[in-house]
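Chain by chain, the residues:
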Amino acid sequence: MQRLLTFSGSRRGKWVVFLAWIALVGGGMAAGLPDKFTEAEENTSTSFLPEDAESTRALQVTERLQDGEVAPAVVVYRRAGGLTPADRREIARDLGELNRISARHPNTTPFSPPQFSRDGTAALLRNEIRESGDDEEVEPVEDYREAVSAEGRAPEGLEVKVGGPAGAWADFAKVGEGIDGRLLGTAVALVIVLLILIYRSPTFWFFPILAVAFAEIATQSLGYGLTELGVTVNGQSSSIMSVLVIGAGTDYALLLVARYREELRRHEDQHEAMQIALRRAGPAIVASGLTVSMALLVLMLAKVNGTAGLGPTGALGVTVAIVAMITFLPALLTIVGRRPFWPLVPFGPGGAARGRVARRFAARTRAADETHGAWRRVGEFVAARPARVGLGGLAVLAAMALGLLNFSTGLTSSDRFTGTVESEEAQDLIARAFPGGAASPTEIVVRSRADAPRVAAAAARVPGVAEVSPEPVAAGPPGAVVAAFLEDDPFSRAAYDVIPRLRDAVRAAAPGALVGGRTAVEADLRDAAGDDTRTLIPLATVVVLLILVVLLRALVAPVLLILTVIASLLAALGVGAVVFDVVFGFPGSEPSLPLFAFIFLVALGVDYNIFLMARVREEALRSGTRDGMLRGLAVTGGVITSAGVVLAGTFAVLGVMPLIFLTQIGFVVAFGVLLDTFLVRSVLVPALAFSLGPRIWWPSRLEPSPAGVAALAPLEREAA
């Protein structure tokens, strides 16, 4: 196993590995697999529903009746003082122009005659666009807007907006246009800056970034295979996958390069140094990455297809990042040798540190060993008063977690954008003169047309339903569809609350009746997301705990590590809840935010703890638990802190996405990673280890071995 792990650092193996990666990445690009992966994304909300959801079953009937899934486009006209005769003539002219535009698009229907509000202040024009999940349904909406709602088109004082579900999809596609490129560009630029600061070299950053780029291309190429197997991938999960590859890949590169540079100062031959680095740091990197991957795979059990799809795609990204960093990066570094570290080149004991800067660096890095350095001093401070420091750290986390009292799941599809978009403005105009649900009717599916009047009467009596169509809007062999218009915005929590009452009423009137439509779809998605959170968080906790037990061969340490990471998660969510409300003014969060935050923070937080505790265990075998913790913290403190800063910065880049949910994920994970890096891993975990001593390894008995003590003696003399 060790020979396989160190193969990429050998003289012959480096070329085999390097050429194999060139062939893999080049073949994927030649076949256009990354582009095919992007094209395979499914971004319609209905594609995320589980098969047994009621709105899914209703959709299957309406698709047969309407020859596919359709999305209404709604043009709203409003003048505060009432529509004038000139306004009505303008609406009539626009109706003709819109129908001419619609005729050019085969996936649209003609616009219906204008529907005027009772107060005479507004009018609606509607048509339907057949959904395809790509730009085919966006083009008609953009043409409609260019014709009627673009600046300067409408008479002065007349507000005109194009909205409805089709308008919302067009806005979503527009704000997401080119976002993947901007996201990757911003993330890579930030990582380059951080790597330059960390390595203090103007050139070395290129090699980890090249390895990350290869990992990203390979992930997208292999990810296309997942879509062919039926895995649901959307733009959101694709963006998160890219962030995971960049962040996790850079982290693993930092951890490996830190040990490689340490060994370069002890060995003249870079191949020998790399093989030792792979032998010592490789198992911890693999274990850390596999922990993240296993936690992500738990998401495959989610009811929401979009969440379930993130499981295998995210796990694939992390796994490919691991493989790239322990194969391609070592091969690349052994090929180029020591020079890329310039000007602070780590020379071996027989080499001469050339130049004043290099000599100063050599002296400084020799001092920052297991017995010196800032993190050694932090460890000694904690070791002197572990109980007080541990209780203080827990008190800080508890105070932050109090912000959870402000946590709300009020974020819905009607306010998912960080800025204002035209479909939201259209919905606001509609709600001022019509029922809030006028733009997106709720569909009641009955088995036969004869049931429609009885079901319509029952639905009209449900509180929250403004009106019901007297006749079915569609009918055929599969059944009939009755349209119900809700009083509130169809994508608000008030509208979601109407769906269960409406379902009870129509089933009482006609057994087997189904309630679907976009409001029902969103309500079912929220319910499924809530169920996923309650089910998958405990399951993922057990999975990560079992992995830690196997890796550390102990019970006490894994339980404590899990508890500390959960504490930092609660603190991050608490701070996030306050920041989202007070600073950003967001209406709340999605129900799935705690699940995503848990998966990323627990898996990634444990990631760093694995690397720390693996080194502590290695040192404890030579010098005991107390000194092992001091030595492990001194050696890994700098690199783990650097890795945490890089990962936090990478997730913070999600804030450039104009979607509130991704902004919230980016903030919570970035803050949680920094909290875990600077407080949990550097203060709380050492405090617990110092307080418990060797008992932290229970039921194992970890005591210094004579061979370990003998191996430590030369290092002590060198440090002295």
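These numbers were taken from a predicted model, which means no experiment stands behind them. (Residues numbered from 1 in each chain as written. Predicted model: local features only at pLDDT ≥ 70, side-chain atom pairs only at ≥ 80, totals over all residues. Heavy atoms only, no water.)

Q: Any chance you could break down helix 7 (residues 164-175) for me, citing the residues and the numbers?
A: With 12 residues, helix 7 extends 17 Å from end C-alpha to end C-alpha; this agrees with the ideal 16 Å at 1.5 Å per step. Along helix 7, the positions that sit buried rather than exposed are Gly164, Pro165, Ala166, Gly167, Ala168, Trp169, Ala170 and Asp171. Of the surrounding elements, those touching the buried residues of helix 7 are strand 1 (70-78), strand 3 (122-130), helix 6 (138-149), strand 4 (159-163), helix 16 (422-433) and helix 19 (518-552). (Helix = DSSP H or I, 4+ residues; strand = E, 2+ residues; numbered from the N terminus. Expected span 1.5 Å × (residues − 1). Buried < 20%, exposed > 50% of the residue type's maximum accessible area, 1.4 Å probe, protein only. Contact = heavy atoms within 4.5 Å.)

Q: For the pattern of salt bridges, give the residues involved together with the corresponding values.
A: Scanning the entire structure with this criterion turns up 22 salt bridges. In this structure, Glu54 engages Arg503 in a salt bridge whose closest nitrogen and oxygen atoms are separated by 3.3 Å. Linking Glu54 in helix 4 (residues 54-66) with Arg503 in helix 18 (residues 493-509), this pair joins segments that are 449 residues apart in sequence. Owing to a relative accessible area of 10%, Glu54 belongs among the buried residues under this scheme. For Arg259, the salt bridge identified is with Glu263, shortest N-O distance 3.4 Å. Highlighted residues: Arg259 and Glu263, both in helix 10 (residues 235-264), separated by 4 residues, approximately one helical turn. Across the pair, Glu263 and Arg259 agree in class, each one buried. Each of Glu54, Arg503, Asp504, Arg507 and Asp524 takes part in salt bridges that share partners, so that together they form one network. (Salt bridge = Lys/Arg side-chain N within 4 Å of Asp/Glu carboxyl O.)

Q: Just give me the short version of the nonpolar core, but keep the residues and values in it.
A: If you look at the biggest cluster of nonpolar residues, it comprises 146 residues, and the most contacted ones within it are Trp21, Tyr252, Leu296, Phe600, Met613 and Phe651. With 18 residues, the top contributor of residues to this core is helix 21 (residues 593-623). With residues near it in sequence (within four places) discarded, Phe651 still touches Val243, Leu244, Phe600, Leu604, Gly666, Val669 and Ala670. Counting 27 residues, the second-largest nonpolar core is a separate cluster that includes Ala452, Ala456, Val465 and Val515. (Core = buried A, V, L, I, M, F, W, Y, C linked by side-chain atoms within 4.5 Å.)

Q: Can you break down empty space enclosed by the protein residue by residue, with the values?
A: By the definition in use, this model includes 3 cavities of 30 Å³ or more. Size it by volume and the second largest cavity reaches roughly 50 Å³. Considering the residues around the second largest cavity, the lining is formed by Ala557, Leu560, Leu561, Thr564, Val685, Leu688 and Ile696. Those elements that place two or more of their residues in the lining of the second largest cavity are helix 20 (556-583) and helix 23 (660-692). A total of 4 residues in the lining of the second largest cavity trace back to one element, the largest contributor, which is helix 20. The residue makeup of the lining of the second largest cavity, split by class, is 6 nonpolar, 1 polar and no charged. (1 Å grid on protein atoms, 1.4 Å probe; cavity = no way out; pocket = protein on both sides within 12 Å on 5 of 7 lines; lining within 4 Å. Points joined across faces, edges and corners; volume = space filled by probe spheres on them. Nonpolar A, V, L, I, M, F, W, Y, C, P; charged D, E, K, R; others polar.)

Q: Go over the sheet that holds strand 1, please, and point to the residues and values.
A: Read from one edge to the other, the open sheet built from 4 strands follows the order 2-3-1-4, with strand pairing classed as antiparallel. The strands lining the two open edges of the sheet, one partner per strand, are strand 2 (115-116) and strand 4. The strands touched by helix 7 are strand 1, strand 3 and strand 4; relative to strand 1, the strand with the most contacts, the crossing angle is about 95°. (Pairing = 2+ DSSP bridges. Axes fitted to C-alpha atoms, helices over the stretch in contact; angles between N-to-C directions.)

Q: Can you lay out a nonpolar patch on the surface for me, pointing to particular residues and giving the numbers?
A: A contiguous nonpolar surface patch, about 370 Å² in accessible area, is contributed by Val578, Val582, Val583 and Phe584. Looking at the element boundaries, Phe584 is found in the loop between helix 20 and helix 21. A relative accessible area of 43% places Phe584 in the partly exposed class. (Patch = residues over 30% accessible without salt bridge, like charges linked within 9 Å, V, L, I, M, F, W, Y side chains within 5 Å. Areas by Shrake-Rupley, 256 points an atom, 1.4 Å probe, with all protein chains shown as cover.)

Q: Give me the packing of aromatic side chains: which residues, what numbers.
A: Enumeration over the complete set of coordinates arrives at 18 aromatic pairs. Note on Tyr199 and Phe204: the rings are 4.7 Å apart at their centroids and 70° apart in plane angle, and the pair reads as edge-to-face. The interplanar angle of 20° and the centroid separation of 4.3 Å between the aromatic rings of Phe204 and Phe341 together place this pair among those described as stacked. On the criterion of sequence distance, the pair formed by Phe204 in the loop between helix 8 (179-199) and helix 9 (206-228) and Phe341 in the loop between helix 12 (305-336) and helix 13 (356-367) is long-range, its members being 137 residues apart. As far as the burial class goes, Phe204 and Phe341 line up, both buried. The ring of Phe116 is capped by Arg88, whose NZ or CZ atom sits 4.2 Å from the centre of that ring. (Phe/Tyr/Trp six-rings, centres within 6.5 Å; stacked < 30°, edge-to-face > 60°. Lys NZ or Arg CZ within 6 Å of the ring centre and 35° of its normal.)

Q: Tell me what's going on with unusual backbone geometry, and back it up with residues and numbers.
A: Put simply, Trp342 and Pro343 share a cis peptide bond, and its omega is 10°. The topology assignment puts Pro343 in the loop between helix 12 and helix 13. That bond from Trp698 to Pro699 is cis: its omega, 5°, falls within 30 degrees of zero. Positionally, Pro699 belongs in the loop between helix 23 and helix 24 (706-719).

Q: Lay out the side chain of Thr108 in plain terms, naming residues and giving numbers.
A: Mapped onto the secondary structure, Thr108 falls in the loop between helix 5 (85-103) and strand 2. Residue Thr108 is classed as buried on the basis of its relative accessible area of 13%. A polar contact is formed between the side chain of Thr108 and the side chain of Ser102, at a distance of 2.6 Å. When sequence neighbours within four positions are dropped, the list of residues in contact with Thr108 reads Ser102, Asn127, Glu128, Ile129, Pro140 and Tyr144. (Polar contact = N/O pair within 3.5 Å; in protein donor to acceptor, adjacent residues only side chain to side chain.)

Q: Please set out the environment of Ser413 residue by residue, giving values where relevant.
A: Within the fold, Ser413 resides in the loop between helix 15 (386-401) and helix 16. Placed 77 residues apart in sequence, Ser413 and Pro490 show a C-alpha to C-alpha distance of 9.3 Å. Leave out the neighbours within four places in its chain, and Ser413 touches Phe491, Tyr496 and Glu522.

Q: Just give me the short version of helix 17 (residues 452-460), but keep the residues and values in it.
A: Note: α-helices contain 3.6 residues per turn, so residues at a spacing of three or four share the same orientation. For helix 17, the complete set of buried residues consists of Ala452, Val455, Ala456, Ala458 and Ala459. Around the axis of helix 17, the buried residues are gathered within 165° of arc, so they sit on the same side. (Arc of directions from axis to C-beta.)

Q: Could you give me a rundown of the confidence of the model for the chain, with the residues and numbers involved?
A: Per-residue confidence for the chain gives a mean pLDDT of 85; residues scoring 70 or more make up 91%. Across residues 707-720 the pLDDT falls below 50, and counting only partners more than four positions away or on other chains, this stretch makes 16 contacts in the model. (pLDDT = per-residue confidence, 0-100.)

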